[in-house]
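Chains, contacts and geometry: an overview
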Amino acid sequence: MQILRNAAVVVMDADSAGYRVDRGQAIAMDGGLIAWAGADSDLPGEYADAPSTDLGGRVVTPGLVDCHTHIVFGGDRAREFEMRLEGASYEEIARAGGGILSSVRDTRAADEETLLARALPRVDHLLAEGVTTLEIKSGYGLDVDSELKMLRVAREIGRQRPVNVITTWLAAHALPPEYSDRRAAYISDVVIAGMERAHAEGLIDAVDGFCEGIAFSVDEMQQVFDHAAKLGLRIKLHAEQLSDLGGAAMAARNGAISADHLEFLGQDGIDAMAEHGTVAVLLPGAYYTLRETQLPPIQPLRDAGVPIALATDCNPGTSPVTSILLTMNMGATLFRMTPAECLRGVTLNGARALGLSDRGRIAPGLRADLAVWDIAHPAELSYRVGFNPLYARILGGTHV
């Protein structure tokens, strides 16, 4: 049993859009869970003798959730970034060995120890900003053994660092050159067969795919989702990033926990997501890096009551972002989300996007995953740029 006292607790109701700050609060933590939360003056007598920490009025939020990352990968694409700014086209970069296939080559060539050593500093940046739950996708191996290698590294990150890691099978990310004229074979031999192996080894919590003209069609992703359903795996989808193919609506009808990117999402997709409870995961880092101009439909999503999450989309090519706080700021400045929406996006709604109902708010019975901040008001988390006010991170009731 551990008590946090003299805290300014950020309270978010499950069914409203805002938050409030309750000052002079206490939180009792026991067995990794929040046992009680309320005013200091109302602390039950049974907790009076428990060890306590005076937080000096600091702001306490739920631990942050980064619900969409590709944080395990080989190599980097800094030279590609430079070439693009020097005027090179996508085709010229690809001919020079750049693009996603360069990440595939580097990831295939790296062993697990190398991938882990490269990923841990990126993870550490996120943890230093209050992240307590982190989703990690495969998707840069594009053959079964390399995809499994990525997921084993992701699981090892969860063992070597104090963070909850959720893993996602994303073999349907791109078509590798060796399958360029054998799309159906890639779906069956790599995406589905590899999913079965990963599931048998306990390496995946969910299944994802990239539904786009340059990647996989709605019909192809339906095959993948049908197999995921047979294995009892949750599904999610990269959808409507570059065009509206109807992927988000299809995913929602299949019970997807999230659809991600969504810049070109239409009303049919919004309605389907609202009907089926699918979370909209917005990724302002990719929007910023690619200098996109098509904003996701924020107001229609609000109007339909679709929960909106934010995530870093940390990846080597289109969102080399390892700051959840910067992501919140970009959600506010680029997408015009309110600070309350941004905070909900990386706590309650971020957890929902992973299918997790045991975290994301400060309430009895939920996980005691918390972040303590040296700020006067939670709006500062979205307002400041390049400033990290984290005072303490608490994972399962333990200061880490």
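Predicted model, so just to flag it, every value in this text is computed and none were measured. (Residues numbered from 1 in each chain as written. Predicted model: local features only at pLDDT ≥ 70, side-chain atom pairs only at ≥ 80, totals over all residues. Heavy atoms only, no water.)

1. Notes on the UniProt feature "binding site: 4-imidazolone-5-propanoate" (unreviewed entry) in the chain
UniProt records the feature "binding site: 4-imidazolone-5-propanoate" (unreviewed entry) for Arg77, Tyr140, His173, Gln241 and Thr318 in the present numbering. For Tyr140, the location among the structural elements is in the loop between strand S7 (131–137) and helix H5 (144–160). Looking at where His173 falls in the secondary structure, it is placed in the loop between strand S8 (164–172) and helix H6 (183–200). The exposure class of His173 is buried, given its relative accessible area of 9%. In this view, His173 contacts His70, Ile100, Gly139, Tyr140, Leu142, Phe210, Ala215 and Phe216; residues no more than four positions away in its chain are not counted. (UniProt positions renumbered as here; feature names shortened; annotations may be inferred. Helix = DSSP H or I, 4+ residues; strand = E, 2+ residues; numbered from the N terminus. Buried < 20%, exposed > 50% of the residue type's maximum accessible area, 1.4 Å probe, protein only. Contact = heavy atoms within 4.5 Å.)

2. Here's the deal with the UniProt feature "binding site: N-formimidoyl-L-glutamate" (unreviewed entry) in the chain
Here, UniProt's "binding site: N-formimidoyl-L-glutamate" (unreviewed entry) annotation points to Tyr140, Asn315 and Gly317. Spatially, the listed residues are clustered: although they cover 178 residues, their C-alpha atoms lie within 11.3 Å of one another. By secondary structure assignment, the location of Asn315 is in the loop between strand S13 (308–310) and helix H12 (324–333). Its relative accessible area of 4% is what places Asn315 among the buried residues. Among all residues touching Asn315, those that are not within four sequence positions of it are His70, Phe73, Tyr140 and Pro320.

3. Section: the packing of H6 against helix H7 (residues 218–230)
In a pair of packed helices, the angle between the axes and the distance between the axes together describe the arrangement. For the pair H6 and H7, the least separation of the axes is 11 Å and the interaxial angle reads 25°. With respect to each other, H6 and H7 are oriented roughly parallel. The handedness of the crossing between H6 and H7 comes out as right-handed. In this structure, H6 contributes Arg183, Ile187, Val191, Ile192, Met195 and Glu196 to the contact, and H7 contributes Glu220, Gln223, Val224, His227 and Ala228. Tallied by class, residues from the contact of H6 with H7 come to six nonpolar, two polar and three charged. (Axes fitted to C-alpha atoms, helices over the stretch in contact; angles between N-to-C directions. Parallel < 35°, antiparallel > 145°, perpendicular 65-115°, else oblique. Left-handed = near helix turned anticlockwise from the far one by under 90°. Nonpolar A, V, L, I, M, F, W, Y, C, P; charged D, E, K, R; others polar.)

4. Describing the packing of helix H4 (residues 112–127) against H5
Where H4 contacts H5, the two axes come as close as 10 Å, and the packing angle between them is 50°. Between H4 and H5, the crossing angle belongs to the class labelled oblique. The two elements H4 and H5 cross, and the hand of that crossing is right-handed. On the side of H4, the interface is formed by Glu112, Leu115, Leu116, Ala119, Leu120 and Val123, while H5 contributes Lys149, Arg152, Val153, Glu156, Ile157 and Gln160.

5. Structural notes on the environment of Arg152
Secondary-structure assignment places Arg152 in helix H5. Of the residues examined, Arg152 reaches a relative accessible area of 29% and is grouped as partly exposed. For the pair formed by Arg152 and Met273, sequence separation is 121 residues and the distance between their alpha carbons is 32 Å. Separated by 2.8 Å, the side chains of Arg152 and Glu112 make a polar contact. (Polar contact = N/O pair within 3.5 Å; in protein donor to acceptor, adjacent residues only side chain to side chain.)

6. Quick notes on the side chain of His70
Looking at the element boundaries, His70 is found in the loop between strand S6 (64–66) and helix H1 (78–85). A polar side-chain atom of His70 sits 3.5 Å from a polar atom in the side chain of His238. Of note is the side chain of His70, whose polar atom sits 3.2 Å from the side chain of Asp313. Leave out the neighbours within four places in its chain, and His70 touches Lys137, Ser138, Tyr140, Leu170, His173, His238, Asp313, Cys314 and Asn315.

7. A look at the side chain of Asp260
Checked against the element boundaries, Asp260 lands in strand S11 (residues 258–261). It turns out Asp260 is buried and unbridged, and the closest side chain with the opposite charge, Lys137, is 4.8 Å from it. When sequence neighbours within four positions are dropped, the list of residues in contact with Asp260 reads His68, Lys236, Leu237, His238, Ala239, Val281 and Leu283. (Lys, Arg positive; Asp, Glu negative; His and termini not counted. Salt bridge = Lys/Arg side-chain N within 4 Å of Asp/Glu carboxyl O.)

8. A closer look at a negative patch on the surface
Taken together, Asp244, Asp268, Asp271 and Glu275 make up a surface patch of like negative charges. Structurally, Asp271 is set in helix H9 (residues 267–276). (Patch = residues over 30% accessible without salt bridge, like charges linked within 9 Å, V, L, I, M, F, W, Y side chains within 5 Å. Areas by Shrake-Rupley, 256 points an atom, 1.4 Å probe, with all protein chains shown as cover. Charge placed at Lys NZ, Arg CZ, Asp CG, Glu CD.)

9. Focus: the domain arrangement of the chain
Structurally, the chain comprises domain 1 (2–62 + 361–399) and domain 2 (64–353). Here domain 1 and domain 2 have C-alpha centroids that lie 30 Å from each other. Across the boundary between the two partners, domain 1 contributes 31 residues, which contact 24 residues of domain 2. Of the roughly 2000 Å² buried at the junction of domain 1 and domain 2 (both faces included), carbon and sulfur atoms supply 60%. (Domains from an automatic or database assignment. Buried area = accessible area lost by both parts, 1.4 Å probe.)

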